[in-house]
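Tertiary structure, described
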Amino acid sequence: VFDMPLSGPIYNRHIKMTGDYGVFHESMAHMVSWRPRVPEHIYEAKEGVAYGTVEVRTYFSTTVNMERKVSVLLPAGYDKNVKYPVLYLQHGIFGDESTLLYHENVNMIELIGNMMAEGLMKEAVVVFPSMYVTSDPEMKPAFHADAVKPYDNFIFDLTADLMPFIRENYSVYDDRMHQAIGGFSLGGRQTLYVGLMRPDLFAYVGAVAPAPGIVPAKDWALEHPGQMKPEEVTFSGKEYKPEVLLVCCGTKDGSVGKFPEEYHNLFEQNGVEHRWYEITDAEHNYVAIRSFLYNYLQVIF
């Protein structure tokens, strides 16, 4: 059941998923099947399907003057003579470069491999960074204002250090139309922030259950000073804006609550073209992540 027509542009439309799936015309001139619950065959390992391989690499970060780790998922049959688009996926708080890749029950490698094999997404290099960017190896994340500040450094490490490393070591495109970014929870917040600040780099921006903190906010854990003022959450006056900006969240998410919907409302208030949907009965877990990936990966590149 959708509270919108099943044809025409879907920008700035609220899509509330309460059935198994819905199909509607995209403004991008193709059909996409949006499902609150992902079909099981998408995330299950199958015989006859070749899945990607993971490389754990280190790169030098000039942002913090130290070596940092990153996980890179290469598509099956990765060919150095072929150029691939690249997707950067961000973890939640307390996570690292392996957390989202191996998140319980998401089955990331199988889900992405099956979607590529079925032609639901283009073959791509998928990068899983560590967002906690600090020069102090003893510093650890916590629900405390000072302890979460290093996450705000991620945009600098990503753009100045990690992205150049990926371009130098893998056969990927470096133009914005072949670069996407996405994230879960705090990774969703940072994804939206990067998308707002650097639309020249990323044409596709997606967040599932994004945490508060782009603008000033207070939740159950701490008070967020905000990275931007509410009126700055816009692409007005900028040369670029995303081809796709997607935000979604489960209706039973007790961790981020209504903050994802508040981002949606702020985008509407500021005239930011985007897509918003809710996943009925999903919590702050793999169900929401699967739904996000299944839908987002079909509309990037």
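Our structure's up above, just so we're on the same page.
Remember, it's a predicted structure, so these values are computed and weren't measured experimentally. (Residues numbered from 1 in each chain as written. Predicted model: local features only at pLDDT ≥ 70, side-chain atom pairs only at ≥ 80, totals over all residues. Heavy atoms only, no water.)

Structural notes on the overall build of the protein chain
The helix and strand inventory of the protein chain stands at seven helices and 13 strands. Buried residues in the protein chain amount to 54% of all 301 residues. The long-range fraction of contacts in the protein chain, counting pairs at least 24 apart against all pairs at least 6 apart in sequence, stands at 70%. A total of about 12800 Å² of accessible surface is found on the protein chain, and carbon and sulfur atoms cover 49% of it. (Helix = DSSP H or I, 4+ residues; strand = E, 2+ residues; numbered from the N terminus. Buried < 20%, exposed > 50% of the residue type's maximum accessible area, 1.4 Å probe, protein only. Contact = heavy atoms within 4.5 Å. Areas by Shrake-Rupley, 256 points an atom, 1.4 Å probe, with all protein chains shown as cover.)

Examining the nonpolar core
Grouped together as the largest cluster of nonpolar side chains are 94 residues, with contacts concentrated most on Tyr-88, Ile-166, Tyr-296 and Leu-297. Setting aside residues up to four positions removed in sequence, Tyr-296 forms contacts with Leu-87, Ala-180, Ile-181, Gly-182, Tyr-204, Val-205, Gly-206, Val-244 and Leu-246. (Core = buried A, V, L, I, M, F, W, Y, C linked by side-chain atoms within 4.5 Å.)

Thoughts on unusual backbone geometry
Here Ser-185, not a glycine, exhibits a phi torsion of approximately 60°, which is positive. Along the chain, Ser-185 falls in the loop between strand E8 (179-184) and helix H5 (186-197).

Details of the pairing of strand E7 (residues 125-128)
In E7, alternate side chains face the same way, and those of Val-125 and Val-127 on one face and Val-126 and Phe-128 on the other are all buried. Where strand E6 (residues 86-90) and E7 come together, three bridges link them in parallel fashion. Residue pairing across strands places Val-86 opposite Val-125, the latter belonging to E7. As for the winding sense of the linkage, the β-α-β connection from E6 through helix H2 (residues 108-117) to E7 is right-handed. (Pairing = 2+ DSSP bridges. Right-handed = clockwise from strand over helix to strand, strands pointing away.)

With respect to the side chain of Asn-114
By the secondary structure assignment, Asn-114 is in helix H2. For Asn-114, the side chain forms a polar contact with the main-chain oxygen of His-41, separated by 3.2 Å. Engagement of the side chain of Asn-114 in a polar contact is seen with the backbone oxygen of Ile-42, the distance being 2.7 Å. If sequence neighbours within four positions are ignored, Asn-114 has contacts with His-41, Ile-42, Tyr-43, Glu-44, Lys-46, Val-49 and Tyr-51. (Polar contact = N/O pair within 3.5 Å; in protein donor to acceptor, adjacent residues only side chain to side chain.)

Focus on the state of the cysteines
Within this structure, the stated rule accounts for zero disulfides. Cys-249 provides the cysteine sulfur closest to Cys-248, a residue in no disulfide bond, and the two sulfurs are 7.4 Å apart. For Cys-248, a relative accessible area of 0% gives the class buried. (Disulfide = S-S within 2.5 Å.)

Things to note about the pattern of salt bridges
Per the stated rule, a full pass over the model turns up nine salt bridges. Close ionic contact of Asp-157 with Arg-68 constitutes a salt bridge, the shortest N to O distance being 3.4 Å. Pair noted here: Asp-157 is in helix H4 (residues 154-169) and Arg-68 is in strand E5 (residues 66-74), with a separation of 89 residues, a long-range link. (Salt bridge = Lys/Arg side-chain N within 4 Å of Asp/Glu carboxyl O.)

Considerations on the packing of H4 against H5
Put simply, H4 and H5 touch, their axes get as near as 10 Å, and they point 60° apart. On the basis of their axis angle, the class for H4 and H5 is oblique. Pair H4 / H5 crosses with right-handed handedness. Residue-level inspection shows Phe-154, Ile-155 and Leu-158 of H4 in contact with H5, the latter providing Gln-190, Tyr-193, Val-194 and Met-197. Within the contact of H4 with H5, the residues separate by chemical class into six nonpolar, one polar and no charged. (Axes fitted to C-alpha atoms, helices over the stretch in contact; angles between N-to-C directions. Parallel < 35°, antiparallel > 145°, perpendicular 65-115°, else oblique. Left-handed = near helix turned anticlockwise from the far one by under 90°. Nonpolar A, V, L, I, M, F, W, Y, C, P; charged D, E, K, R; others polar.)

Comments concerning the environment of Ser-185
Overall, the relative accessible area of 10% leaves Ser-185 in the buried class. Sequence spacing of Ser-185 and Ala-211 is 26 residues, and the spatial spacing of their C-alpha atoms is 5.0 Å. Among all residues touching Ser-185, those that are not within four sequence positions of it are Gly-92, Val-208, Ala-209, Pro-210, Ala-211, Val-256 and His-284.

With respect to the packing of H2 against helix H7 (residues 286-296)
Between H2 and H7, whose axes approach to 11 Å, the crossing angle comes to 25°. One finds that H2 runs roughly parallel with respect to H7. Considering how the two elements wind past one another, H2 and H7 form a crossing that is right-handed. On the side of H2, the interface is formed by Met-108, Leu-111 and Met-115, while H7 contributes Arg-290, Leu-293 and Tyr-294. In terms of residue class, the contact of H2 with H7 is made up of five nonpolar, no polar and one charged.

Here's the deal with the environment of Asn-107
Relative to the assigned elements, Asn-107 resides in the loop between E6 and H2. The partly exposed category is assigned to Asn-107, whose relative accessible area is 30%. Through-space distance from the C-alpha of Asn-107 to that of Tyr-286 is 9.0 Å; in sequence the pair is 179 residues apart.

Concerning H7
The buried fraction of H7 amounts to ten of the eleven residues, a majority that puts the element mostly inside the structure. Taken residue by residue, H7 has Val-287, Ala-288, Ile-289, Arg-290, Ser-291, Phe-292, Leu-293, Tyr-294, Asn-295 and Tyr-296 as its buried positions. The distance from a side-chain oxygen at the start of H7 to the backbone nitrogen of Val-287 is 3.2 Å, and the residue carrying that oxygen is Asn-285.

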